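A look at the structure
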Amino acid sequence: MTDPSYTCMRDNGPVRGDYSDYQELVDEVSALLGAPATLEDRDFRLIAFCAHDSEAGAMDPIRTRSILTRGSTAEVRSWFEGFGIARAQAPVRIPADPEAGIRARICLPVRHRGVVYGYVWLLDDGQARPLGAAMAVAARIGTLLAAEARAGADLGRELLALITGPRERREAAEHVLRATLGRAADGPFALLCVSPWDTADTDEDTDALPDVRAVPGTAALCPVRDEGLAALVRLRSPDVVTPARTAAVRLLESSRARGAAGISEPRPGLGELADAWREAAGAARAVRAQPRLGPVAQWSHIGPYRLLTALPAGADRSVAELLRPAHTELAHTAEVFLDCAGQAGRAAAALAIHRQTLYYRLSRVERLTGLDLDEGEDRLLLHMALKAARL
């Protein structure tokens, strides 16, 4: 039996498991319980399901949507998780909601070594069923899903080496990624950086990373210490980064994402990913410094921040005093004035102050920095320093 919905799901990432393994196990659960079963991963994405007969009441809106769209809404997920299924070690009976046309269900948590990887669902008609035997099958499913998660984590480690490791390690990592991705390794790709990313648990606990299959178009994920989460995203065309934007939105919805996302320029293959990571991380930094650029920005669209992100850390000595917390208002005044191309009327209006107040503040800025704001190069230095300080 071939399920095109699962084939599409596999195209989202490096899934090692064979669909037929899951289908056989779901069929086994269905045979044990005498009822059609559905298997979803922990993100409520459909993996496999048994055939349903055409009798009235054999389906309800939630199961129909899951099969037709290969997933469930955030509201549905939240409702079911409210019954404790993510923590449950045993089957959970979930009551019906007649007003919504939703039938009662039994949820079999799919776990491996204490971690939940998915759920087996069946509609509950009130009959006694051998749930213990079915849970044993669910545990076998958990073993397969855990192996896939580990495979994704291994690929993430190779991605990390490719974008941050020494040259010799990068060459080995590229070889592994190329062997795993096959023809897809020829690209095109974009790298995505989500920053900041909560990496407190990800160094040792790969289960803390998102499931790569839940991020559309993504081939590998890895946390990069002090920078963010990296995602290698396959593109349909080197001229269209829409898949990377879609992946960025999905990752930004995660509870571990608290900031912005940057997208590198597309690359034809795996050989330039270290440079692509610098672009993606720089674009994410630019969005955090200037929120109007985001929440998702492509490297080519961040303007002068492409240059500013390459500057070394630390303020120029001439503006160090101005950047102290005691002078926040003065620094902001100077930045707005320079953003307004030195036009006093525009700057005063933007700051909602009188022109004379503006001139007074700017004179204080000149005294603190030793710069002459009538000189173009001094203005350039101050403007760059103020923008770089945001980064």
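Heads up: the structure comes first, above all this text.
Rules and cut-offs
- Residues numbered from 1 in each chain as written.
- Predicted model: local features only at pLDDT ≥ 70, side-chain atom pairs only at ≥ 80, totals over all residues.
- Heavy atoms only, no water.
- Helix = DSSP H or I, 4+ residues; strand = E, 2+ residues; numbered from the N terminus.
- Buried < 20%, exposed > 50% of the residue type's maximum accessible area, 1.4 Å probe, protein only.
- Contact = heavy atoms within 4.5 Å.
- Pairing = 2+ DSSP bridges.
- Axes fitted to C-alpha atoms, helices over the stretch in contact; angles between N-to-C directions.
- Arc of directions from axis to C-beta.
- Patch = residues over 30% accessible without salt bridge, like charges linked within 9 Å, V, L, I, M, F, W, Y side chains within 5 Å.
- Areas by Shrake-Rupley, 256 points an atom, 1.4 Å probe, with all protein chains shown as cover.
- Salt bridge = Lys/Arg side-chain N within 4 Å of Asp/Glu carboxyl O.
- Lys, Arg positive; Asp, Glu negative; His and termini not counted.
- Charge placed at Lys NZ, Arg CZ, Asp CG, Glu CD.
- Phe/Tyr/Trp six-rings, centres within 6.5 Å; stacked < 30°, edge-to-face > 60°.

**Regarding the environment of Ala134**
Structurally, the position occupied by Ala134 is in helix 5 (residues 131-164). Ala134 gets classed as buried once you look at its relative accessible area, which sits at 0%. Along the chain, Ala134 and Val120 lie 14 residues apart, while their C-alpha atoms are 9.3 Å from each other. Sequence-distant contacts of Ala134, defined by excluding residues within four places in its chain, comprise Val29, Leu32, Leu33 and Leu108.

**Section: the sheet that holds strand 4 (residues 105-112)**
Read across the open sheet, the five strands follow the order 2-1-5-4-3; overall the sheet is antiparallel. The open sheet has two edge strands, strand 2 (46-49) and strand 3 (92-94), and neither has a second partner. Each strand axis lies, on average, 25° off the axis of its neighbour in the sheet, ignoring direction. For strand 1 (residues 37-41) and strand 5 (residues 115-123), the ladder comprises five bridges, and the chain directions are antiparallel. Paired with Asp41 across the strands is Gly118, a residue of strand 5.

**A closer look at the environment of Ala350**
Tracing the sequence through the fold places Ala350 in helix 11 (residues 344-351). For the pair formed by Ala350 and Val336, sequence separation is 14 residues and the distance between their alpha carbons is 7.5 Å.

**Focus on helix 11**
Regarding helix 11, the residues found buried are Ala344, Ala347, Ala348 and Leu351. Projected onto a plane normal to the axis of helix 11, the buried residues spread over an arc of 95° and lie on a single side. Residues of helix 11 that are exposed and angled more than 90 degrees away from the buried face: Ala349 and Ala350. Buried residues along helix 11 sit in contact with helix 10 (328-339) and helix 12 (355-369). Positioned one or two residues after helix 11, Ala352 has a phi angle of 60°, which is positive.

**Remarks on a negative patch on the surface**
Judged by side-chain charge, Asp372, Asp374, Glu375 and Glu377 come together as a negatively charged surface patch. Along the chain, the position of Asp374 falls in the loop between helix 12 and helix 13 (376-390).

**Structural notes on the packing of aromatic side chains**
For the coordinates displayed, the defined rule picks out six aromatic pairs. Residues Phe44 and Tyr119 carry aromatic rings whose centres are separated by 5.5 Å and whose planes lie at 55° to one another, so their mutual orientation is tilted. In this pair, Phe44 is assigned in the loop between strand 1 and strand 2 and Tyr119 in strand 5, connecting sequence segments 75 residues apart. Classification of Phe44 by relative accessible area gives buried; the value is 2%.

**With respect to a nonpolar patch on the surface**
On the surface, Leu311, Leu380 and Met384 cluster together into a nonpolar patch covering about 250 Å² of accessible area. Tracing the chain through its elements places Leu380 in helix 13.

**Examining the pattern of salt bridges**
A complete count under the given rule lists 18 salt bridges for this structure. With a closest N to O distance of 2.8 Å, Lys387 and Glu335 form a salt bridge. Highlighted residues: Lys387 in helix 13 and Glu335 in helix 10, separated in sequence by 52 residues. We note that Lys387, like Glu335, is buried. Of the charged contacts in the structure, one is a salt bridge between Asp339 and Lys387, with a shortest N-O distance of 3.2 Å. Here Lys387 lies in helix 13 and Asp339 lies in helix 10, a separation of 48 residues in the sequence. Since its relative accessible area comes to 40%, Asp339 is described here as partly exposed. The class of Lys387 is buried, set by a relative accessible area of 11%.

None of this, on its own, says anything about what the molecule does.
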